[in-house]
Amino acid sequence: MSNSEPDVTRESATVLNRTDLTRRLVARLKSEEAVIGGIGFTNFDLWASGQRPQNFYMLGSMGLATSIALGVAVAQPQRKVFALDGDGSALMQLGSFATVAAVAPKNLAVVIWDNGAYHITGAQETLTVKGADLVAIAKGAGLKQAYWAADAGHFETLVQRALINDGPWLIAAKIDKERPAGVTERDPVKIRLNFMNAIAPGS
Amino acid sequence: MSNNTQRETWEEIVIRVLKKNKVSLVTYVPDNVLAQLIKLIEADPYFTVIAPAREEEAVGIVAGAYMAGKRGIALMQTSGFATVVNVLASLACPYQIPVVAMVSERGTLGEFQLGQSIVCRTMRPVLTSLGMEHFAIQDHDQVEFVVDGMLSQAFTTQAPATIILSPLLTKRKV
Ligand SMILES: Cc1ncc(C[n+]2csc(CCOP(=O)(O)OP(=O)(O)O)c2C)c(N)n1
């Protein structure tokens, strides 16, 4: 692992785009990695990125993308698992960072889209705008491999490192307030069955 | 059972029935009544044990693990149950994920804190309005049948369920 990680802060991070980054991430998934898409626009862009069967879309349980992903990761240590979540959602369940750090699953990466807003409910400001730094919080919770993406290329580098090297990882990207590229089909049982079939042990 | 046979404790029965139902993941936020059960589970290599910061996480983790093929249970106190309504209503119930919670009932039959007893009164109306299977174990003789029945029904019907441990089981001196 390189020690030459650039020193990126929320301030210095380039403003990126969730639709673009979700597609870049998904394009790198070659081994049936599981992806949990959090409530808000996060799961919409995951849906719009191609509806991989190994995706799980949250339509509620705000804040729990990381916890659900942790459960998947613990149950299937051989499979890489990504949790994607918005900053508003992550702020709601900060203890889950400490839980992940304590369990220390090698196969888990948490990706946070920080648009400084509860975008889907009307783009009200979140606490990250007032100075809460989710990478610093994650580090304080014990997640040593927590990084801001400097730009889109660096985001891909971090994702690639998470795919190859042991986690847990937390990758945060500062993003704009573009609307997502699609809308998730809201059929919970279908979502669960597709996901379960796709990640069934031995499948 | 004869007097000279050492009777299994309720905790030992629970552990035996969890194993019988292949429940190998236990998440919990502690409670005094659950202390011995937690101690035995943590000492047993059969179980993967996760102690998250909040009960909501405990439910989320069990839900994720279930979808990935590992059965789990979330242990908590009544006040913890009051914090998981949203995840049960918006994840476990609509997605039909059989998250089983085991809740030690505090707030009744000798409670000394008014707030605890008020929180306790919210549990059954919530379970009823969610249409969730629940049963309060009051007697040592019921432990095996109820825990086994609640677990197997949850997994065969893809329905979340709550096993309540009444003070009649956990506090009463027989
Ligand atoms: C417990 C809870 N509180 C509030 C809401 C309403 N709500 C749904 S999505 C959302 C905003 C999500 O914000 P964020 O995670 O930052 O994602 P974004 O909308 O920016 O994509 C809110 C407040 C909810 N569903 N659940």
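Higher on the page you've got the structure.
Counting of residues starts from 1 at the beginning of each chain's written sequence and follows it residue by residue. Naming scheme: in the order in which they are written, chains are lettered from A and ligands are numbered from 1. It should be noted that, the model being predicted, local features are given only for residues of pLDDT at least 70 and side-chain atom pairs only at 80 or more, the latter also being counted only at that level, while totals for whole chains, interfaces and linings use all residues. Heavy atoms throughout the structure, all of them, feed into the side-chain values; hydrogens and water do not.

Peer 1: Whenever I open this one, the environment of Asn-194 of chain A confuses me. Can you help?
Peer 2: Secondary structure elements follow DSSP: runs of H or I of four or more residues count as helices, runs of E of two or more count as strands, with numbering from the N terminus. Relative to the elements of secondary structure, Asn-194 of chain A occurs in helix 8 (residues 188-199). Placed 142 residues apart in sequence, Asn-194 of chain A and Arg-52 of chain A show a C-alpha to C-alpha distance of 9.3 Å.

Peer 1: Is there a simple way to think about the site of the ligand in this case?
Peer 2: Taken together, 18 residues lie near the ligand, and Phe-41, Gly-88, Ser-89, Ala-117 and Ile-120 of chain A sit nearest. Here a residue is considered near a molecule or strand provided that any single heavy atom belonging to it is located within 4 Å of it. Bordering the ligand are residues originating from chains A and B. At 2.9 Å, a backbone N or O of Phe-41 of chain A approaches an oxygen atom of the ligand. N or O atoms closer than or at 3.5 Å make up a polar contact, with two conditions inside protein: a donor-capable atom paired with an acceptor-capable one, and, for residues adjacent in sequence, both atoms drawn from side chains. Take Asp-87 of chain A: an N or O atom from its side chain is 3.1 Å from an oxygen atom of the ligand. For accessible areas, the Shrake-Rupley method is used with a probe of radius 1.4 Å. Any residue's cover is judged against the shown protein chains and nothing else. For the ligand, the accessible surface in isolation is 590 Å², of which the surrounding protein chains cover 75%. Sorting the residues of the shell around the ligand by element identifies helix 2 (41-48), helix 4 (87-92) and strand 5 (117-118) of chain A as the ones contributing at least two each.

Peer 1: When you look at the packing of aromatic side chains in this model, what are you seeing that I'm missing?
Peer 2: The geometry of two aromatic rings is summed up by the distance between their centres and the angle between their planes. Residue and element names in this part refer to chain A. Aromatic rings from Phe, Tyr and Trp, with only the six-membered ring used for Trp, were paired whenever their centres fell within 6.5 Å, and each pair was classed as stacked if the ring planes differed by under 30 degrees, edge-to-face if by over 60, and tilted otherwise. Applying the stated criterion across every chain, the model contains eight aromatic pairs over all chains. A ring pair is formed by Tyr-147 and Trp-169, whose centres lie 6.3 Å apart and whose planes are at 40 degrees; its orientation type is tilted. Residue Tyr-147 is found in strand 7 (residues 146-148), and its partner Trp-169 is found in strand 8 (residues 169-174); the two are separated by 22 residues along the sequence. Neither Tyr-147 nor Trp-169 differs from the other in exposure class; each is buried. Each residue gets one of three labels from its accessible area relative to the maximum for its type: buried under 20%, exposed over 50%, partly exposed in between, using a 1.4 Å probe on protein chains only.

Peer 1: Sorry, what's going on with helix 5 (residues 85-92) of chain B here?
Peer 2: An α-helix turns once every 3.6 residues. As a result, residues three or four positions apart point the same way. Taken as a whole, helix 5 of chain B has its buried residues at Val-87, Leu-88, Ser-90, Leu-91 and Ala-92 of chain B. Should any heavy atoms of two residues lie within 4.5 Å, those residues are considered in contact. Next to the buried residues of helix 5 of chain B lie strand 2 (55-57) and helix 3 (65-75) of chain A together with helix 3 (55-67) and helix 4 (78-81) of chain B.

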